[in-house]
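Structural description and commentary
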Amino acid sequence: MVLTGWASSGDDGTVARGDRWHPTAAGRPRPRRRGRSVAGRPARCGSVGGVNTSAPLDVDLALVGGGGAASLLLAALDRHGVRDLRIAVVDPVHRRGQDRTWAFWDRPGSDLDPLLAASWPRVEVATPAGRRLLDLAPLRYAMLRSGPVYDRAAEAERRLGVRRIVAPVGALHDDGRHVTVRVGGDRPAVRASWVLDSRPRPPRRPGRTNWLQHFRGWWLESDAPVFDPARAVLMDFRTPQPARGVSFGYVLPVSDRYALVEYTEFGPDLLTDAGYDAALAGYRDLLGLDPTRLRVREVENGVIPMTDAPFEARPSPRVVRLGTAGGATRPSTGFTFSAMHRQAEQVARALAAGRPPVPRPAYPRRHRWMDAVALRALDAGGVDGPEFFGRLFDRNPAERVLRFLDGATSPAQELALMSSTRLLPMVTATAGDAVARLRDRLVPARRSATWAVPPPVVGERADADG
């Protein structure tokens, strides 16, 4: 599915922004120095025998990783008027342009409105049993490309006086008062009161179910009107289903001649490069699109974890993880962007109010449990994927389903959603999940095992005929 971003969780710390105090490493307020901040002074670089001898760059906040999570956070800090913090961004790449697409739902009127490539008040969900057109009001489904997000972050970075360090990041050392960020090359280390780390990280241990959302999308341009820009295809389960897992296609039209057409699988294994192209070509043909009248302008690939494994949002007292590594990815769907956007807002509001930059957990604990049960039922084959998602949308208002996927429903609404699914396989999966949790407590060896998300399969295809 379209990349849905990469997000986290508390200590105590600051006060009195009106008197221009800002956080010290120990969490006590101190007056802000007059004149240039540390972030505005040139770093004292030097090395002896290949060993960096520079004094560290002192900042209040270091963002480790400069992708979507950091870009949303910089914009939120700027929007909330956070001007008294010394901030550094450390990333080996200074991201610009279109390198990914996010799709999400929200209410119109957010800070993202001016950046959107397109949005739709209605979406279609298709299964072999039929097609449903869903009215999302008061929500909308929206598409956001990375270029405008990076551009807005660059402008916020300039206004905030951010120090950017384009270099790889080594170890983070948290002594409880400062975090030292080791930086590659001859760069000096960065010493920060807080670090927000948005780099992808593996979970603390493997989950009981370890699936992947993996996908390839083609940005297709047609020489004639073939797409309906008034509605998106959210999930089309008429694609051939894998032996183990779920597949679907979807269509996000920007105009009647230009759209992102994507093939997605939920399952434990990736396809080959040729396999993704064949699946996409098959979905294009299923849509009735003539390949001789299409051009592939861009290709997007991605892999996102779908697992009940625990991600460590707070690995040390002053390091907070954002994005997937911080728990922002919804295990049952792979959606991430909405949680990542919420967390950027929560961090910015906390800093503007003089509090520690620690967002709330991305989803309620009961939702993570329900996701674990759903993943187990799908993995065991007790639940048919297309039927499972089809019943959810067929028997509930679309807004309820989408609010559930955002972690914003009440227990009563969740009970209504659960009653939409087939009872026996879900009871079986619930019992299996309980047994597996007990086994994990009794077998400590599992705690030392590892599971990592593989990189996406990237082909050589560039601009070509579809």
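Residues numbered from 1 in each chain as written. Predicted model: local features only at pLDDT ≥ 70, side-chain atom pairs only at ≥ 80, totals over all residues. Heavy atoms only, no water.

Some thoughts on the environment of leucine 260
So the rule is basically this: Helical segments are the DSSP runs of H or I of at least four residues, strand segments are the runs of E of at least two, and each set is numbered from the N terminus. Only protein chains enter the accessibility calculation, which uses a 1.4 Å probe; a residue is then buried when its area is under 20% of its type maximum, exposed when over 50%, and partly exposed in between.
Structurally, the position occupied by leucine 260 is in strand β19 (residues 258–267). With relative accessibility at 0%, the residue leucine 260 sits in the buried group. The spatial distance from the C-alpha of leucine 260 to the C-alpha of glutamate 300 is 9.2 Å, given a sequence separation of 40 residues.

What about the environment of proline 310?
Formally: Should any heavy atoms of two residues lie within 4.5 Å, those residues are counted as being in contact.
Here proline 310 is to be found in the loop between β20 (294–307) and β21 (319–321). Sequence spacing of proline 310 and glycine 326 is 16 residues, and the spatial spacing of their C-alpha atoms is 9.5 Å. Each residue touching proline 310, except ones within four places of it in the same chain, is listed here: Pro203, Arg204 and Arg205.

Let's talk about helix α2 (residues 146–160)
For the record, the criterion: What a helix should span is 1.5 Å times the count of its residues minus one.
Its 15 residues place the ends of α2 21 Å apart at the C-alpha level, agreeing with the 21 Å of an ideal helix rising 1.5 Å per residue. When α2 is considered as a whole, its buried residues turn out to be Ser146, Gly147, Val149, Tyr150, Arg152, Ala153, Ala156, Glu157 and Leu160. Each element contacted by the buried residues of α2 is listed here: α1 (68–79), β7 (101–106), β11 (140–145) and β12 (163–166). Among the residues trailing α2, glycine 161 stands out with phi positive, at a value near 65°.

Here we look at unusual backbone geometry
In this chain, alanine 137 is followed by proline 138 through a cis amide linkage whose omega measures 10°. Tracing the sequence through the fold places proline 138 in the loop between β10 (130–135) and β11.

Some details on the pattern of salt bridges
Convention followed: When a carboxyl oxygen of Asp or Glu lies within 4 Å of a side-chain nitrogen of Lys or Arg, that pair is called a salt bridge.
Throughout the structure, instances matching the rule amount to 40 salt bridges. Arginine 107 serves as the salt-bridge partner of glutamate 399, at 3.9 Å between the closest nitrogen and oxygen. Separated by 292 residues along the polypeptide, glutamate 399 in helix α7 (residues 398–405) and arginine 107 in the loop between β7 and β8 (118–120) bring together distant segments of the chain. Here arginine 107 falls in the partly exposed class, since its relative accessible area comes to 47%. Linked by salt bridges that have partners in common, Arg208, Asp308, Asp433, Arg437, Arg439 and Asp440 make up one network.

Some words on the side chain of serine 247
Just so we agree on the cut-off: By the criterion applied in these results, polar contacts are pairs of N or O atoms within 3.5 Å in which, for protein atoms, one can donate a hydrogen and the other can accept it, and in which residues neighboring in sequence qualify only through two side-chain atoms.
Positionally, serine 247 belongs in strand β18 (residues 246–253). Here the side chain of serine 247 touches threonine 239 through a polar contact of 2.8 Å, side chain to side chain. A polar atom in the side chain of serine 247 sits 2.8 Å from the backbone oxygen of proline 240.

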